[in-house]
Every structure is written in structure tokens, then in C-alpha cells.
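Architecture at a glance
Now for the letters of each chain:
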Amino acid sequence: MTEHVLTVAGVAVDTRHWIGGERVASAETFTDVSPIDGSILGEISRGTAMEAAAAVAAAKAAFPAWAATPRAERARILHAVADGVEKRLEELAVVETTDNGALLRSHRRGVMPRVAHNFRFFADWLLKLEHEDFETRGHTNHVSWDPAGPSVLITPWNAPLMLATWKVAPALAAGNTVVLKPAEWTPLTASLLADIAAEAGLPAGVLNVVQGYGSEIGDALTSHPDVRRISFTGSVPTAQRIAASAAVNLTPLSLELGGKSPLLVFADADLDLAVDLAVEQYDNAGQVCLAATRFLVEESVAEEFTRRFVEKAGQLTQGDPRDEATDIGPNIHPLQLEKIDGFVRRAIAAGARAVIGGHRKDGQYYAPTLLTDVAQDSEIVQEEVFGPVLTLQTFTTEDEAVHLANDTRFGLAATLATGDPERAERVTGQLVAGTVWTNCFFVRDLQAPFGGSRHSGVGREGGTWSFDFYCDVKNTVTAPNGWRNHG
Ligand code: NAD
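Residues numbered from 1 in each chain as written. Predicted model: local features only at pLDDT ≥ 70, side-chain atom pairs only at ≥ 80, totals over all residues. Heavy atoms only, no water.

1. Overview of the overall build of the chain
Under the convention used in this document: Per the convention used, a helix needs a DSSP run of H or I reaching at least four residues, while a strand needs a run of E reaching at least two, with both numbered from the N terminus. Buried, partly exposed and exposed residues are distinguished by accessible area as a fraction of the type maximum, computed with a 1.4 Å probe on protein chains only: under 20%, between the cut-offs, and over 50%, respectively. Here a residue-residue contact requires only that any non-hydrogen atoms of the pair lie within 4.5 Å. The method behind every accessible area is Shrake-Rupley, applied with a 1.4 Å probe, and residues are considered shielded solely by the protein chains displayed.
What the chain contains, in helices and strands, is 15 helices and 22 strands. The principal-axis extent of the C-alpha atoms belonging to the chain is close to 75 × 65 × 40 Å. The 487 residues of the chain split such that 56% are buried. Taking all contacts inside the chain whose residues are at least 6 apart in sequence as the whole, residues at least 24 apart take part in 71%. A total accessible area of about 19,400 Å² is found for the chain, and carbon and sulfur atoms account for 53% of it.

Laid out in C-alpha cells, this is it:
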């Protein structure tokens, strides 16, 4: 063990950057704190423009060889990374929970297996990626996906390794090299991923990890002329900053941003199902971009829906996320808690009523909250809280429901509960959202397009859409034998 290696929940985690296949320390550090109990986990290398430049240089140097590596070999290495993730699944799960406070049982059973699947899926998709050739006046058109170059991937804290690998896996599969910048509140599992990738045989410089505050290291990454792609998941203000910075080089961007998604409950819905879907919105202490945080309920069933929701939400257990029985853990940071509470205080001052919750609890926990009597144009209905705070409004007609659902600046997802398939088809056709779920929630297939409309994002990733983004898609036209161009 060196001074640069922490032991977190029994797992050794290197606190330095990973650049060009080597651990690199910065002169300065930042402190990583666990949201579970506020304990200090350790000091993490705090990147500057210097480390950003070194990481991009390493990615640039490694690019030609990785891009030229046959698809089958790239796929083999990505499967080896997935094997490494599976081998260290328990370690990744406990470190992630300690670092970001999300449920250990979810990390064990859902999230970390999904991390491995990210690598397997994009490795396999690469091998079958093709577009049928087509003819134009006897000429053959052939479409290929050429690796684009070094890619900067910037990720948030709410699902750190899941969201990072959802970008890292397709970028590497595409033949690009990567500089990953994890969120400063949750840097640890990205460091473990660097170890796993190296053990799996990923060549030096193909994956680089730099840590630090976005405000200090971000511009140096996103305005770098050698960077060919930027994929970002995070908040709208940061995305706007990144888009401005990337504009200097016209670097293509994929932006996965916030949401204020609706759950529409029609009177013809199975109310028990609707309530189950509604209570799910407290998952990850409400820190889920896709969460349906605005309940829009048909007036005739609103009272009954609310009664059953309150009963079901009352059965949720809040506490230590390492405890198998816990349903809701802490929020990520004291600043986030303050932000959540500020939203609720202002909503109540503006006339909202807390049906449940509406206040902090001890430690870094916020009571699961449902607010009614909220106006459509109010802050609590229009802005993303990113905590366990939901609102309920009623409607009387389908048109009104659609209008309320679409009436924010976001368009990430929408969920509806209805027993009428014709209504489902009519309504989904009118909703502005990247993903719509009917009578279900959070069913996500990696081959499906994923992204948001309006301020919820730019572009789509998933399946072939990921390769379209991370590659330079090329069309090669070949003339038939003996053909002469006579103008
Ligand atoms: P954030 O925008 O504050 O930070 C995200 C990342 O950007 C961090 O790594 C941060 O260090 C970095 N960053 C900050 N300033 C930067 C700059 N100037 N240049 C480059 N990078 C910079 O977001 P957050 O608070 O970490 O995450 C929460 C947000 O993410 C919410 O809005 C949530 O909805 C959104 N989110 C979206 C999705 C999605 O798929 N659409 C998924 C998860 C989270």
C-alpha cells in the first residue's frame, strides 16, 4: 500500500489518475466523503489542465493502433473487461455504495451486472454492425463505421459506474480511445475500472481516467483540438458550458441531461399497478434522471390513487443503504440536500401542501415527499429537484393530460398507466420524450435509442445509435468493372 491507495470497505482503491497506462498523482487533492455517514474516505488527485492535456495526448498516441485492431480482438478484450467486472462485482458494489449512498442490494443485483453487460453488449453489437450494400445505377454503396478518435466522456454521481460504462463500452468498441472524467463526488469505481481494464489486456492509453472538479479540468478537456467526440451526462447548465467550449473545434457532442418527466394515470388504469409505478419514483432517493416526478392523475381517481400511494410509500424503509432491508438511502451531498429542501420550502411558501414528507431527516436523508396544490407554472413543477420529491396534479380530459405532460422545457421520458390500448397509442404519439413507458417503468434495452428531447439532451445513444455517434460513418461508392464516367 502506498499513500495513494485507500482502503474503502476493505477494497484497495488508487486515488491517482490513470494516464497512458500509469498512475499519475496531482500536486493537489480533493476530499471524497461518504454520504452514508459523512465520513472522509480519502484524498483524491485533483486534476488540472496539465493532466487533462496529458490524458488527451495518451489517448491520441494510443488511437491508431486501437483503431486498427480487428473488431474480433476489440470484442474479445471488452468481454475480458466484463469478466473482470463480474469477478470483482462485490467489491465494485460495496465501494460504489460507500461512495454514492445508493442501495447495496441494487448495486449487487442490478447495477454491477449491468456494468458487465454494457461491455458484453457493445462487444457483440460491434461484431454484427453492418449496413446492407445498395446500388446506384450499377455502383455499389458500402457503409462503414470508422473509429473517430479520442473521446472525452464526462459523467455524474447518481449512477457513477453504470453511466460511465454505458459510454466507455461503445466508445472502445467503436475503436476510439477514451478520457473518462468521473464526478468529483464519486470518483472511486472509475479508478477500479482502470485496474480491471488493464488486467483485461486493454492497451495503455486506450482508457484514461482523470479526476477533479469539472470547473477546473472541464474546459481543458472539452476545448482540446485533438478530441473528436464528447459524451456528457449531467445537468443542463454544465451541458451549455460544454457545448460552448466544444464549439471552438465543432467537436460532436452527445448530451444526456435532466428531466421532469410525467406519470399519467388515467381512470381506466389498473390503480395498483399505477401506485407501484408511482412509488418506484423514490428509487435512488429520487436521484434518477428518468424519474417520473410529476404525477398527473385523472380527477375521478385522484383521491383513491393518493390514498393507496400514501399507504404504499409509508411501507418504505429509509436508512443505511448497506442494509438489505433499506429502500431509500441518503442523498449524495449536504449541498444537494440543501438544494432539495430549498425547492420544497419555496413550493410550500407558494401554496403547496405536503401530503407526506416535506422535511429533512437526521443525517443526509430527506423524507420521501409528495406535494399537491402545485401550479403548472410553479418552480416545483417546472424544475428538476433530483431528490425524493414528487408532485401530484389532476386533469379531467386526455387533451389536458397531454398538455400538462408536455408543458415543461424537458423531454426525457414519460410513463402512462391506462387500461385502454387505443388511448395509449393516441397519447404516446403526442408526448414529447425520448422514452415512453406504457404500464411499466425503467425497462431499458441497450439496443434501444436513449436520449432526451428539448433541454433533456442532444442526440441518441444505444445499439447502432452509439456507433453512429462514436464513429465517422462513411459511404464508399464503387463503380462497376469497366465503367467510364461520360459526365
Ligand atoms: P453536473 O452537470 O453538475 O456534473 C456532471 C459532470 O460534469 C461531473 O463530472 C462534473 O465534474 C462535470 N463538470 C462540471 N462542470 C464542468 C465543465 N465546465 N466542463 C466539463 N465538465 C464539467 O451534474 P450532476 O449534478 O453530477 O448530475 C446530475 C444531473 O445529471 C441531473 O440533472 C440529472 O438529471 C442528470 N442525469 C442525466 C442522465 C441522462 O441519462 N439523461 C442520467 C443521469 C443523470
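2. Points about the packing of helix H4 (residues 104-127) against helix H5 (residues 160-173)
Operational definition: Fitted lines through C-alpha atoms serve as axes, helices being fitted only where they are in contact, and the angles separating the N-to-C directions of these axes extend from 0 to 180 degrees. Here the word oblique covers every angle except those under 35 degrees (roughly parallel), over 145 (roughly antiparallel) and from 65 to 115 (roughly perpendicular). Helix crossings get a hand from a simple test, with the near helix turned counterclockwise from the far one by less than a right angle marking a left-handed crossing and a clockwise turn marking a right-handed one. Think of it as three bins: nonpolar holds Ala, Val, Leu, Ile, Met, Phe, Trp, Tyr, Cys and Pro, charged holds Asp, Glu, Lys and Arg, and polar takes everything else, Gly as well.
Viewed as axis vectors pointing N to C, H4 and H5 meet at an angle of 15 degrees, and their least axial separation amounts to 9 Å. Accordingly, the angle class assigned to the pair H4 and H5 is roughly parallel. Along this stretch, H4 crosses H5, giving a crossing that reads as right-handed. Residues Val111, Met112, Arg114, Val115, Asn118, Phe119, Phe122 and Leu126 of H4 form the contact with H5, whose own contacting residues are Leu161, Met162, Thr165, Trp166, Val168, Ala169, Pro170 and Ala173. Split into classes, the residues belonging to the contact of H4 with H5 amount to 13 nonpolar, two polar and one charged.

3. Some points on the nonpolar core
Short version of the rule: Buried Ala, Val, Leu, Ile, Met, Phe, Trp, Tyr and Cys residues that are joined via side-chain atoms within 4.5 Å together make up what is termed a nonpolar core. The start and end points of each domain follow an automatic or database-based domain assignment.
By size, the foremost hydrophobic cluster in this structure holds 72 residues, and its most contacted members are Phe119, Leu180 and Phe467. Element by element, the count of residues in this core is highest for H4, at ten residues. Residue assignment places this core across two domains, with domain 1 (5-257 + 452-475) and domain 2 (261-438) each supplying three or more. Residues contacting Leu180, with those up to four places away along its chain left out, are Leu153, Thr155, Ala164, Val168, Ala190, Leu207, Asn208, Val209 and Val210.

4. Brief notes about unusual backbone geometry
One non-glycine residue with positive phi stands out, namely Asn439, at about 55 degrees. Tracing the backbone shows Asn439 in the loop between strand S20 (435-438) and strand S21 (457-458). Given a relative accessible area of 30%, Asn439 falls into the partly exposed group. Of note in this structure, Phe442 is not a glycine but carries a positive phi near 65 degrees. The residue Phe442 is located in the loop between S20 and S21 in this model. For Phe442, a relative accessible area of 42% puts it in the partly exposed group.

5. Some details on the sheet that holds strand S22 (residues 471-478)
What counts here: Any two strands between which DSSP finds at least two bridges are classified as paired.
Spatially, the three strands line up as an open sheet ordered S7-S8-S22, and their pairing is antiparallel. Whereas interior strands pair on both sides, the edge strands pair on one side only; in this sheet they are strand S7 (134-136) and S22. Between one strand axis and the next, the sheet turns through 35 degrees on average, direction left out of account. Judged from the eight bridges that link them, strand S8 (residues 139-147) and S22 form a sheet pairing that is antiparallel. Opposite Thr140, over in S22, you have Thr478 as the bridge partner.

6. Overview of the sheet that holds strand S19 (residues 413-417)
Sheet architecture is open: seven strands sit in the order S16-S17-S18-S15-S14-S19-S20, paired in mixed fashion. Each of the sheet's edge strands pairs with one partner strand only, and the pair in question is strand S16 (353-356) and S20. Averaged over neighbouring strand pairs, the angle between their axes works out to 25 degrees when direction is ignored. Judged from the four bridges that link them, S19 and S20 form a sheet pairing that is parallel. When the bridges of S20 are listed, Thr415 appears paired with Trp437. Seen against the sheet, helix H10 (residues 299-313) touches strand S14 (261-265), strand S15 (292-298), S16, strand S17 (369-372) and strand S18 (389-395) and runs at an angle of roughly 135 degrees to S15.

7. Notes on the side chain of Thr418
The condition is simple: Definition of a polar contact: a pair of N or O atoms within 3.5 Å, with one able to donate and the other able to accept a hydrogen when the atoms are protein atoms, and with sequence-neighbouring residues admitted only if both atoms are side-chain atoms.
Topologically, Thr418 is positioned in the loop between S19 and helix H14 (421-430). At 2.7 Å, the side chain of Thr418 and the side chain of Asp268 are in polar contact. Sequence-distant contacts of Thr418, that is, excluding residues within four places in its chain, are made with Phe266, Asp268, Ala269, Arg423, Ala424 and Asn439.

8. Observations regarding the pattern of salt bridges
To be explicit about the condition: By salt bridge we mean one thing: a side-chain nitrogen of Lys or Arg within 4 Å of a carboxyl oxygen of Asp or Glu.
The final tally for this structure, using the stated rule, is 33 salt bridges. As a salt-bridge pair, Arg16 and Asp14 come within 2.8 Å of each other at their nearest N and O atoms. As far as burial versus exposure is concerned, Arg16 and Asp14 are alike and both buried. Across the salt bridge formed by Arg307 and Glu304, the nearest N and O atoms sit 2.9 Å from each other. Linking Arg307 with Glu304, this pair stays in helix H10, spanning three residues, or about one helical turn. Look at Arg307 and you get partly exposed, because its relative accessible area is 46%. Connected through salt bridges with shared partners, the residues Asp272, Glu304, Arg307, Arg308 and Glu311 form a single ionic network.

9. Describing the packing of helix H2 (residues 71-87) against helix H6 (residues 188-199)
Packing of H2 against H6 leaves a shortest axis separation of 8 Å and a crossing angle of 125 degrees. In terms of axis orientation, H2 runs oblique to H6. Crossing of H2 against H6: the hand is right-handed. Residues Val81, Gly84 and Val85 of H2 pack against Leu193, Ile196 and Ala197 of H6. Broken down by class, the residue content of the contact of H2 with H6 amounts to five nonpolar, one polar and no charged.

10. Topic: the side chain of Arg16
You can see Arg16 is positioned in the loop between strand S2 (11-14) and strand S3 (17-19). On the basis of relative accessible area, Arg16 is assigned to the buried category, the value being 18%. Among the polar contacts made by the side chain of Arg16, one reaches the side chain of Asp14 at a distance of 2.8 Å. Apart from residues lying up to four places away in sequence, Arg16 is in contact with His4, Arg23, Val24, Ala25, Ser45 and Gln211.

11. Brief notes about the site of the ligand
Put simply, the test is: The rule for a residue being near a molecule or strand is that one of its heavy atoms must lie within 4 Å of it.
If you check the shell around the ligand, you find 28 residues, and the closest are Lys181, Glu184, Ser235, Thr238 and Glu384. The contact in question runs from an oxygen atom of the ligand to an N or O atom on the backbone of Thr155, over 2.8 Å. Here Trp157 contributes a side-chain N or O atom positioned 3.0 Å from an oxygen atom of the ligand. In the complex, the protein chains occlude 90% of the 850 Å² of accessible area that the ligand would expose alone. No fewer than three residues from each of domain 1 (5-257 + 452-475) and domain 2 (261-438) sit in the shell around the ligand.

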